[in-house]
Amino acid sequence: MPKKVVLAYSGGLDTSIIIPWLKETYGCEVIAMIGDLGQREDLEGARKKALATGASAAFVEDLREEFITRFIWPTLRAGAVYEHKYLLGTSFARPLLAQRQVELAKKLGADALAHGCTGKGNDQVRFELAAKALAPELKIIAPWREWKINSREDAITYARAHDVPVEQTTKNIYSRDRNIWHLSHEGGVLEDPANAPEESMWQWVVSPAKAPDQSTTVEIGFDAGVPVFVNGKKLGAVALIEQLNEIAAANGVGRMEMVENRLVGIKSRGAYETPGGTLLIAAHRELESLCLDRETAHYQQMLALRYAEMVYYGMWFTPLRESLDAFFAKSQERVTGSVGLTLFKGNLSVASRRSPFSLYRTNLASFTMTGYNPKDAEGFINLFALPITVPQEAEIRRKAEAG
């Protein structure tokens, strides 16, 4: 039986009821760890709520800078997007929360960790793989795999019975996760893929129909694949994302919904608001088109797919993920420059691309035959076509000999 448990606490429905449940079930001391990932919520209120509902201590940890520089930037640099659409906002937040949870457990002498992830979701894997990589000696408690609560409605009933205040109601049943990178929505009408998302569900990115009637242009600068300035002004990591979030959200850019394949083999439906991230992914991709040679660019696309899978699957603290980082650090050395984007009522287009390392050459790309001998192409085509022509010639010869 665990004596002291560090709970990854958000103050939401699930973790709010876990504190009294842990004390009832295990008779243990519960310490709440609240990670500040830029979710713009009342974290001091969450800390007080944890204490009021039975936690012996509660800590708010400011993880914003580390979240961006150690988790978001490497994933962005890799061009990693899960299943063409998901920008991994929850996925790479979980390993960092688990890491700080483990650090706190070791510091305070705890012998167990707990989380509020469901038994059907990806987050249970992300939290637990990180914990096993960093502190395999700590016991992991996952209440959703133990208790008899089977739904969010049951959880609300439990909260009311134990005088635990929660924001969710049976009419506002969405499960949400927010940080500086994104805001996700699950549950409610989204559980049926035939239903369109409710307009009232969206909380961050304005409706494209209500966005300004004038377009907005923003220029994003990169140094070796890492964002460093917006509209000519150098910014720190937190300020940079916050400014891009504000610009994109106001112009209706960054809404997305999808049916995705969870790690556990279940298909699920989610809606995501990732305003600044949408701009950064688009700008980074366009700058790469200017700076990367064809072979590196194409090979990187394969590795980006694998990197996205590893982040989604919770395999952050693994040798392969770290090795891929080494590849991307090298491939991104020339990805320096700026990209201008035009935003208009939810749409995004490229206005400009500039780089001192650009591989684009006007004299080669133009229709004017300068700097290039077109006659050289004839021999190249003949050689390149050998795998095509040789079998054809062999078939003609075979038919001739047979007939």
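Being a predicted model, the structure only gives us computed values, none of them experimental. (Residues numbered from 1 in each chain as written. Predicted model: local features only at pLDDT ≥ 70, side-chain atom pairs only at ≥ 80, totals over all residues. Heavy atoms only, no water.)

Asks: Describe unusual backbone geometry, naming the residues involved and giving the relevant values.
Replies: The backbone of R40 sits at a positive phi, close to 55°, despite the residue not being glycine. Positive phi, close to 50°, is recorded for E83, a residue that is not glycine.

Asks: Report on the sheet that holds strand 9 (residues 226-230), specifying residues and quantitative values.
Replies: Paired through backbone hydrogen bonds, the strands of a sheet run either parallel or antiparallel to each other. Judged by pairing direction, the sheet is antiparallel, and its five strands sit side by side in the order 10-9-8-13-14 without closing on themselves. The open sheet has two free edges, formed respectively by strand 10 (233-234) and strand 14 (347-354), since each of these has just one partner strand. Sheet topology places strand 9 next to strand 10; two bridges connect them, and they run antiparallel. Bridged to V230 within strand 10 is K233. Along the sheet, helix 7 (residues 237-250) makes contact with strand 8 (216-223), strand 9 and strand 13 (337-344), crossing strand 9 at roughly 65°. Of the strands in this sheet, strand 8, strand 9, strand 13 and strand 14 touch helix 8 (residues 275-291), which is tilted by about 40° from strand 14. (Pairing = 2+ DSSP bridges. Helix = DSSP H or I, 4+ residues; strand = E, 2+ residues; numbered from the N terminus. Contact = heavy atoms within 4.5 Å. Axes fitted to C-alpha atoms, helices over the stretch in contact; angles between N-to-C directions.)

Asks: With reference to specific residues and values, describe helix 6 (residues 152-161).
Replies: Among all positions in helix 6, only R152, A155, I156, Y158 and A159 are buried. Taken around the axis of helix 6, the buried residues stretch over an arc of 160°, which confines them to a single face. Every exposed residue of helix 6 that faces more than 90 degrees away from the buried side is listed here: T157, R160 and A161. Residues of helix 6 that are buried sit in contact with helix 1 (13-26) and strand 6 (175-178). (Buried < 20%, exposed > 50% of the residue type's maximum accessible area, 1.4 Å probe, protein only. Arc of directions from axis to C-beta.)

Asks: So what's going on with the pattern of salt bridges? Which residues, and what values?
Replies: One pass over the full model with this rule turns up 22 salt bridges. R294 is the partner of E295 in a salt bridge, and the nearest nitrogen-oxygen pair spans 2.9 Å. For E295, a relative accessible area of 52% gives the class exposed. According to the relative accessible area criterion, R294 is exposed, its value standing at 59%. Each of E61, E66, R70, R100 and E103 takes part in one network of salt bridges that share partners. (Salt bridge = Lys/Arg side-chain N within 4 Å of Asp/Glu carboxyl O.)

Asks: Explain the environment of S184 to me, and be specific about the residues and the numbers.
Replies: Considering the arrangement of structural elements, one finds S184 in strand 7 (residues 183-186). In this structure the C-alpha to C-alpha distance between S184 and D325, which are 141 residues apart in sequence, comes to 26 Å. Residues in contact with S184, not counting those within four places in the same chain, are T90, S175, R176, D177, A271 and Y272.

Asks: How would you explain the packing of aromatic side chains if you had to name every residue and give the values?
Replies: Aromatic rings considered in pairs are described by the distance between their centres and by the relative angle of their planes. Applying the stated criterion across every chain, the model contains 15 aromatic pairs. Their ring planes at 85° and their centres at 5.5 Å tell us that W21 and W147 sit as a pair that is edge-to-face. One end of the pair, W21, is in helix 1; the other, W147, is in the loop between strand 5 (139-141) and helix 6, and 126 residues separate them in sequence. Among the residues examined, W21 registers a relative accessible area of 8% and is labelled buried. Note on W147: relative accessible area 9%, which makes it buried. Ring centres of Y82 and Y312 lie 3.7 Å apart, and the angle between their planes is 5°; on these two criteria the pair is classed as stacked. You can see Y82 sitting in the loop between helix 3 (64-77) and helix 4 (93-108) and its partner Y312 sitting in helix 9 (residues 294-312), a full 230 residues away along the chain. In terms of burial, Y82 and Y312 fall into one category: buried. Connected via pairs of aromatic rings, a cluster forms that spans F71, Y299, Y307, W316, F327 and F328. (Phe/Tyr/Trp six-rings, centres within 6.5 Å; stacked < 30°, edge-to-face > 60°.)

Asks: How would you summarise the packing of helix 7 against helix 8 if you had to cite specific residues and measurements?
Replies: At their nearest, the axes of helix 7 and helix 8 sit 6 Å apart, and the two run at 100° to each other. Classified by the interaxial angle, the pair formed by helix 7 and helix 8 is roughly perpendicular. Where helix 7 approaches helix 8, its residues L240, I241, L244, N245, A248 and A249 are matched on the opposing element by P275, G276, G277, L279 and L280. The residue makeup of the contact of helix 7 with helix 8, split by class, is eight nonpolar, three polar and no charged. (Parallel < 35°, antiparallel > 145°, perpendicular 65-115°, else oblique. Nonpolar A, V, L, I, M, F, W, Y, C, P; charged D, E, K, R; others polar.)

Asks: So what about the sheet that holds strand 6? Which residues, and what values?
Replies: Pairing is antiparallel across the open sheet formed by four strands, whose spatial order is 6-7-12-11. This sheet does not close on itself; its edge strands, each paired only once, are strand 6 and strand 11 (255-261). Strand-to-strand, the axes of this sheet are offset by a mean angle of 25°, without reference to chain direction.

Asks: Please give an account of a nonpolar patch on the surface that cites residues and values.
Replies: Nonpolar side chains collect at one region of the surface, where F380, I381 and F384 lie side by side and expose about 370 Å² of accessible area between them. Summarising the element assignment, F380 is placed in helix 12 (residues 376-384). Looking at F380, the relative accessible area reads 51%, which means it is exposed. (Patch = residues over 30% accessible without salt bridge, like charges linked within 9 Å, V, L, I, M, F, W, Y side chains within 5 Å. Areas by Shrake-Rupley, 256 points an atom, 1.4 Å probe, with all protein chains shown as cover.)

Asks: Give a detailed account of the side chain of T53, specifying residues and quantitative values.
Replies: With respect to the helices and strands, the residue T53 is situated in the loop between helix 2 (43-52) and strand 3 (57-62). A residue is classified by how much of its surface remains accessible, and T53, at 14% relative accessible area, is buried. Aside from chain neighbours lying at most four places away, what touches T53 is Y9, I19, P20 and V164.

Asks: Tell me about the layout of surface pockets, and name the residues and values.
Replies: In this structure, the second largest pocket encloses a volume near 460 Å³. The element that contributes the greatest number of residues to the lining of the second largest pocket is helix 9, accounting for six residues. A per-class count over the lining of the second largest pocket returns ten nonpolar, five polar and four charged. (1 Å grid on protein atoms, 1.4 Å probe; cavity = no way out; pocket = protein on both sides within 12 Å on 5 of 7 lines; lining within 4 Å. Points joined across faces, edges and corners; volume = space filled by probe spheres on them.)

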